[in-house]
Each structure stands twice: as C-alpha cells, then as structure tokens.
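# Structural characterization, general
Residue-level listing of the chains:
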2 protein chains.
Amino acid sequence: MARQTERASRVEIIGLRLPEIRRGADLAALTLRAARKQGETLRSGDIVVLTQKIVSKAEGREVTLRGVRPSALARTWARRIGRDARYIELILRESSRVLRMSDRALVVETRHGFVCANAGVDHSNVAASDRVTLLPEDPDASARRFADSIRKRTGARIAVIVSDTWGRPWREGQVNVAIGTAGLRVLADWRGRRDTFGRLLTATVLAVADELAAAAGLAMGKVDQVPVVMIRGFRFRAGRDSARKLLRPAKHDLFR
Amino acid sequence: MARQTERASRVEIIGLRLPEIRRGADLAALTLRAARKQGETLRSGDIVVLTQKIVSKAEGREVTLRGVRPSALARTWARRIGRDARYIELILRESSRVLRMSDRALVVETRHGFVCANAGVDHSNVAASDRVTLLPEDPDASARRFADSIRKRTGARIAVIVSDTWGRPWREGQVNVAIGTAGLRVLADWRGRRDTFGRLLTATVLAVADELAAAAGLAMGKVDQVPVVMIRGFRFRAGRDSARKLLRPAKHDLFR
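Residues numbered from 1 in each chain as written. Chains lettered and ligands numbered in written order. Predicted model: local features only at pLDDT ≥ 70, side-chain atom pairs only at ≥ 80, totals over all residues.

## Looking at the overall build of chain A
A tally of regular secondary structure across chain A gives 6 helices and 12 strands. Residue burial in chain A is summarised as follows: out of 256 residues, 50% are buried. In chain A, the proportion of contacts linking residues at least 24 apart, taken out of those at least 6 apart, comes to 61%. (Helix = DSSP H or I, 4+ residues; strand = E, 2+ residues; numbered from the N terminus. Buried ≥ 20, exposed ≤ 12 C-beta atoms within 10 Å, placed from the backbone. Contact = placed C-beta atoms within 7 Å.)

Right, dumping it as structure tokens:
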C-alpha cells in the first residue's frame with residue numbers, strides 16, 4: 001500500500017558557459033543560446049542566476065581609471081595602503097557611508113544600501129588592466145529586464161537573481177549573495193508556522209535568495225566563464241521583491 | 001567536428017527524510033535507509049549535509065531547562081528582554097565571549113569559536129517545550145564519524161558537513177552555514193590563479209563549505225523533516241579541514 005519509493009525534493013544547479021560579454025550584449029539571447037548548446041531548455045519555475053560582472057559589462061558599467069580624478073581623501077588613503085588612488089576614488093563615489101577603512105578593504109554602504117567591501121568595484125575579469133566594473137545601477141531592474149526578455153522569447157516565467165561574491169564578518173572566504181532579484185520572494189518567513197512538534201517557530205526567516213545565489217556559486221567558478229546558472233526544481237514563492245528587502249535597516253543592525 | 005552539445009557542470013541537491021531522531025540514533029544507518037527508500041545510493045564524491053539539530057539530538061546534546069540554575073547576569077538580562085533566565089544561562093555557558101546583547105539575541109563567540117546568535121542554543125523542533133539543543137561538542141568529529149561510518153558500510157568516500165542556520169550582520173534572514181566538516185577543503189583559494197584575461201586574482205577565496213551548506217538549505221525546509229541532504233556532482237578538493245578554518249581570527253576581523 002505504502003509507496004515503496006518516495007522521491008525526494010531534488011534541486012538541480014546547471015552552469016552555462018557564455019562568451020566574453022561586451023557593452024550592449026543581449027544576455028537573455030546569449031543565455032538561451034548557451035542553454036541550447038548544452039542541451040537545456042529554460043522552463044517556467046526555473047531560476048536564473050547571473051553574475052554581477054556580466055550584467056555590469058552588458059550595461060556599460062565599466063570605467064577606465066585613466067579618466068578618474070581622485071579626491072584628497074582618496075589620495076591620502078591610497079598612499080597609506082599602497083593602492084591606486086583612482087580606484088579608491090571610485091569606491092568612495094559608489095558609497096553613501098564608510099563603515100571601516102582597513103588596509104585590506106573599505107567596507108562601505110553602497111548607494112543601493114548594500115554593505116560590502118570596496119562598494120563592489122572590481123578589477124578582476126575585466127579586459128583592460130586599467131578598467132574596473134561598478135555594480136549595476138539598479139540590479140533589480142537588470143533582473144527584471146532579463147526575466148521579461150526570456151518570457152517574451154520563450155513564454156517561460158522564470159525568477160532571476162543578479163549575484164555578487166562578497167566577504168562577511170567573522171568568517172573567512174567569500175560567498176555568492178543576491179544583489180538584484182525579479183519574480184520571487186527573497187525571504188521565506190516561517191514565523192507563525194509550527195515546527196514538527198506543533199510549537200510556534202519564533203525567529204526563523206530564511207534568506208532564500210541568498211541561499212539560491214550561494215548554490216549558484218557552486219557552479220560558477222572564478223576562472224571558468226560560467227557566469228549564468230540555472231536552478232531547477234526549487235519551489236519558490238513567486239513575488240516582486242526587491243533584493244533590498246534582504247538589507248537590514250541600519251537602526252536594527254547591531255554591527256553598523 | 002566540434003561537439004554539438006557540451007554538457008554543463010551539474011550539481012544535484014537531494015533532500016532525505018529521516019524519522020524523528022533520538023539520543024544514540026545511528027545517523028549513518030538512518031541516512032542510508034532513507035536514501036534507499038527514496039531510490040538513491042550514496043557514492044564516493046557525494047557530499048552529505050546534516051543539520052546541527054539531528055546531530056545534537058543523536059549525541060544527547062539536549063538540555064532540560066528545569067535543571068538549570070541561572071546566574072545573576074542571566075536573571076537580570078532575561079528580565080530585561082522578557083525571556084527565560086535558564087535559556088539565557090545556557091547561552092552564556094556555551095559562550096566564551098559576548099559581542100552584543102540586544103532584545104532580539106545575544107551575539108556571542110561560542111566555545112568552538114563561532115560567532116552566532118544565542119550560541120546556537122535552540123528550542124525549535126525539540127520534543128518537550130522545556131528542552132533545548134546545544135551545538136555538538138565537536139562538530140568536525142561528528143562529521144568525521146558520519147563519514148567513517150558510511151565508508152565502513154558502503155565503501156563510499158564522502159565529504160560531510162554539519163550545518164546550522166544563522167543570521168548575519170547587514171542582511172535580513174538566515175542562511176545555512178558549515179559548523180563541522182570532514183573530507184573536504186572548506187575554502188577554495190583562487191589567489192595566485194589567473195582570471196580569464198591572465199591577470200592575477202588577488203582577493204578571491206571562496207567559502208566552499210558555506211556555499212554547500214547554503215545550497216543544502218534549499219532542500220531542507222524548516223517544517224518538512226528533511227535534515228539530511230546529498231549533494232552530487234560538485235567537484236570539491238578532498239582534505240581534512242576543520243570547519244574552524246572558516247573562522248576569521250578576531251585580530252583580523254573588522255567587526256569584533
């Protein structure tokens with residue numbers, strides 16, 4: 001009577017290889033082409049995770065250091081830690097608040113409200129050695145455009161996450177996190193639900209979008225040109241949350 | 001000549017349902033039985049992620065509040081935030097340092113060196129309402145025993161992660177992180193590697209074990225009794241790292 005085999009929940013994480021991305025690139029078209037080449041089809045309910053780097057490149061968010069005039073603060077600090085003052089200047093321009101200045105990084109609040117090292121200004125995987133990428137202007141909008149484009153071309157309703165790889169306090173190493181989202185609720189709120197023993201769960205709110213981004217990180221790799229990842233089989237709640245919903249307001253934050 | 005279809009890296013995350021865990025339970029045996037029931041087999045190269053909760057229960061790390069005598073500090077603080085003083089007392093006993101005391105949580109350094117809320121002392125999903133679980137004494141040893149037991153029974157060499165669901169500064173929601181590990185390198189160090197353009201990557205160290213734990217979190221759910229997750233298809237570097245390697249030494253930490 002009882003089922004002999006009960007299938008478990010199964011989530012698949014599939015990395016897609018894209019060619020080098022240039023300004024104006026159509027990421028949705030390139031993703032569909034990559035998927036086809038790898039024998040995959042995007043379906044409704046899939047989640048696509050894009051690295052910040054390719055979104056920024058496609059959106060022209062690359063800056064040449066040559067044209068940047070550093071402020072006095074940027075010059076002083078750059079001298080102190082032995083970095084390029086123009087790079088420090090760009091970080092400061094992308095920031096609305098500096099939390100910590102150390103010899104390894106500036107920890108800042110970005111104009112979007114994210115707290116991260118160096119405001120996400122990044123000089124890895126950029127073609128020219130005096131170029132850096134900035135975070136997308138509006139990563140939610142980037143995610144939304146991508147989702148809309150996929151829907152127009154294929155009919156599939158997908159969720160999209162723009163992710164970046166960031167450090168965190170207390171723990172070594174970086175993890176992939178969500179900085180832009182479309183089509184899903186970013187938090188799964190279990191407050192008010194009952195646990196296995198019928199007692200109310202009081203404090204459990206899961207950062208689903210960050211766990212999805214981290215899972216995608218497993219397939220991305222840093223040198224392998226896998227900047228797009230499909231996640232299939234994860235039942236998420238559809239919604240229109242901004243990734244900013246993942247940001248803790250400063251006044252509730254014990255570490256700001 | 002060129003391959004028409006090049007298969008992508010594909011990682012699978014498979015949740016396993018276990019019965020309620022009691023003290024002395026043989027988690028490896030129960031995991032193998034659950035896998036079989038779900039039509040799965042553990043193979044060398046798989047990673048198994050276990051929730052802290054079942055490890056603690058199996059190891060008898062449950063405490064009844066009734067027998068706990070709170071200290072003066074615990075009593076004072078509990079009164080101030082409206083919590084049970086015996087619960088606060090247990091948190092303090094599990095801590096080696098208190099970072100923040102707020103009305104929502106005590107953020108502490110545990111005896112293991114982890115920084116987390118309430119020292120991991122948890123009263124959800126515990127059978128009696130005056131019982132709580134403590135973190136395993138030595139989560140690495142728990143992971144190692146599990147891996148050894150699987151190897152003895154099946155010959156499969158797997159990696160094991162004991163995980164817990166923790167909050168973090170700056171961002172809302174909790175994510176699953178690694179607190180005990182066996183059989184893998186917990187950090188993937190890209191420093192010294194070259195990016196796609198041949199330039200040295202200077203700052204990229206990925207917290208692989210935390211990304212694996214977060215990915216497992218997608219299949220776990222809080223009320224669904226999926227306390228064990230298999231991850232298949234992720235090529236990790238074998239090793240003997242302790243999860244403590246994920247802990248940033250306090251003197252390098254800008255937020256401690």
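More follows now that the structure is in view.
## As for the pairing of strand β8 (residues 159–166) of chain A
All names here are of chain A. For β8, the tally of buried residues reaches 8 of 8 residues, placing the bulk of the element in the interior. Residues A159, I161, S163 and T165 of β8 are buried on one face, and the alternating residues V160, V162, D164 and W166, pointing to the opposite face, are buried as well. With 5 bridges joining them, strand β2 (residues 47–51) and β8 adopt parallel strand pairing. The residue of β8 that forms the bridge with L50 is V162. In this structure, β8 lies alongside strand β9 (residues 175–182), joined through 7 bridges in antiparallel fashion. Opposite I161, over in β9, you have T181 as the bridge partner. (Pairing = 2+ DSSP bridges.)

## Examining the environment of B:T181
All names here are of chain B. Following the sequence through the fold, T181 ends up in strand β9 (residues 175–182). We classify T181 as buried; it has 32 C-beta atoms within 10 Å. When the C-alpha positions of T181 and S163 are compared, they lie 8.8 Å apart, and in sequence the two are 18 residues distant. Apart from the residues within four sequence positions on either side, T181 is in contact with D140, A143, I161, V186, A209, D241, S242 and A243.

## Re the environment of A:I13
On the secondary structure map, A:I13 appears in strand β1 (residues 10–16). Under the C-beta neighbour-count criterion, A:I13 is labelled buried, with 30 such atoms within 10 Å. As a C-alpha pair, A:I13 and A:M220 span 207 residues in sequence and 9.9 Å in three-dimensional space. Ignoring sequence-local partners within four residues, the contact set of A:I13 consists of A:A215, A:A216, A:L218, A:A219, A:V229, A:I231, B:R10 and B:V11.

## Here's the deal with the packing of helix α1 (residues 27–37) of chain B against helix α5 (residues 139–154) of chain B
All names here are of chain B. Look at α1 against α5: their axes get within 9 Å of each other, and the N-to-C directions meet at 55°. Comparing their axes, α5 and α1 come out oblique. The element α1 and its partner α5 pack so that their crossing is right-handed. Listed contacts from α5 to L27, A28 and L32 of α1 are F146, S149, I150, R153 and T154. Looking at the contact of α1 with α5 residue by residue, the classes come out as 5 nonpolar, 2 polar and 1 charged. (Axes fitted to C-alpha atoms, helices over the stretch in contact; angles between N-to-C directions. Parallel < 35°, antiparallel > 145°, perpendicular 65-115°, else oblique. Left-handed = near helix turned anticlockwise from the far one by under 90°. Nonpolar A, V, L, I, M, F, W, Y, C, P; charged D, E, K, R; others polar.)

## Points about the domain arrangement of chain A
All names here are of chain A. Along its sequence, chain A is organised into domain 1 (12–61 + 136–249) and domain 2 (62–135). Computed over C-alpha atoms, the centres of domain 1 and domain 2 are 25 Å apart. Elements supplying a minimum of two residues to the side of domain 1 that touches domain 2: α2 (52–58) and β8. The biggest single contributor to the side of domain 1 that touches domain 2 is α2, with 4 residues. (Domains from an automatic or database assignment.)

## Thoughts on the pairing of strand β5 (residues 106–110) of chain B
Residue and element names in this part refer to chain B. Within β5, 4 of the 5 residues are buried, which leaves the element mostly enclosed by the surrounding structure. Pairing of strand β4 (residues 95–101) with β5 involves 5 bridges; the strand directions are antiparallel. Bridged to V98 within β5 is V108. Summarising the sheet, β5 and strand β6 (residues 115–117) pair through 3 bridges and their orientation is antiparallel. Residue pairing in the sheet places V108 in a bridge with C116 of β6.

## Focus: the sheet that holds strand β5 (residues 106–110) of chain A
Residue and element names in this part refer to chain A. Strands sit in the order β4-β5-β6 across an open sheet of 3 strands; the sheet is antiparallel. Either end of the sheet is taken by a strand with one partner, and the two such strands are β4 (95–101) and β6 (115–117). Taken pair by pair, the neighbouring strands of this sheet meet at an average axis angle of 30°, ignoring direction.

## A closer look at α5(B)
Residues and elements named next belong to chain B. Look at α5: 23 Å from first C-alpha to last across 16 residues, which is about the 22 Å you get at 1.5 Å a residue. Of the residues making up α5, those classed as buried are P139, D140, S142, A143, F146, A147 and I150. Here the buried residues of α5 occupy an arc of 165° about the axis, which is enough to place them on one side. Buried residues belonging to α5 abut α1, β2 (47–51), α2 (52–58), β8 (159–166) and β9. Just downstream of α5, G155 is the residue with a positive phi angle, here 85°. (Expected span 1.5 Å × (residues − 1). Arc of directions from axis to C-beta.)

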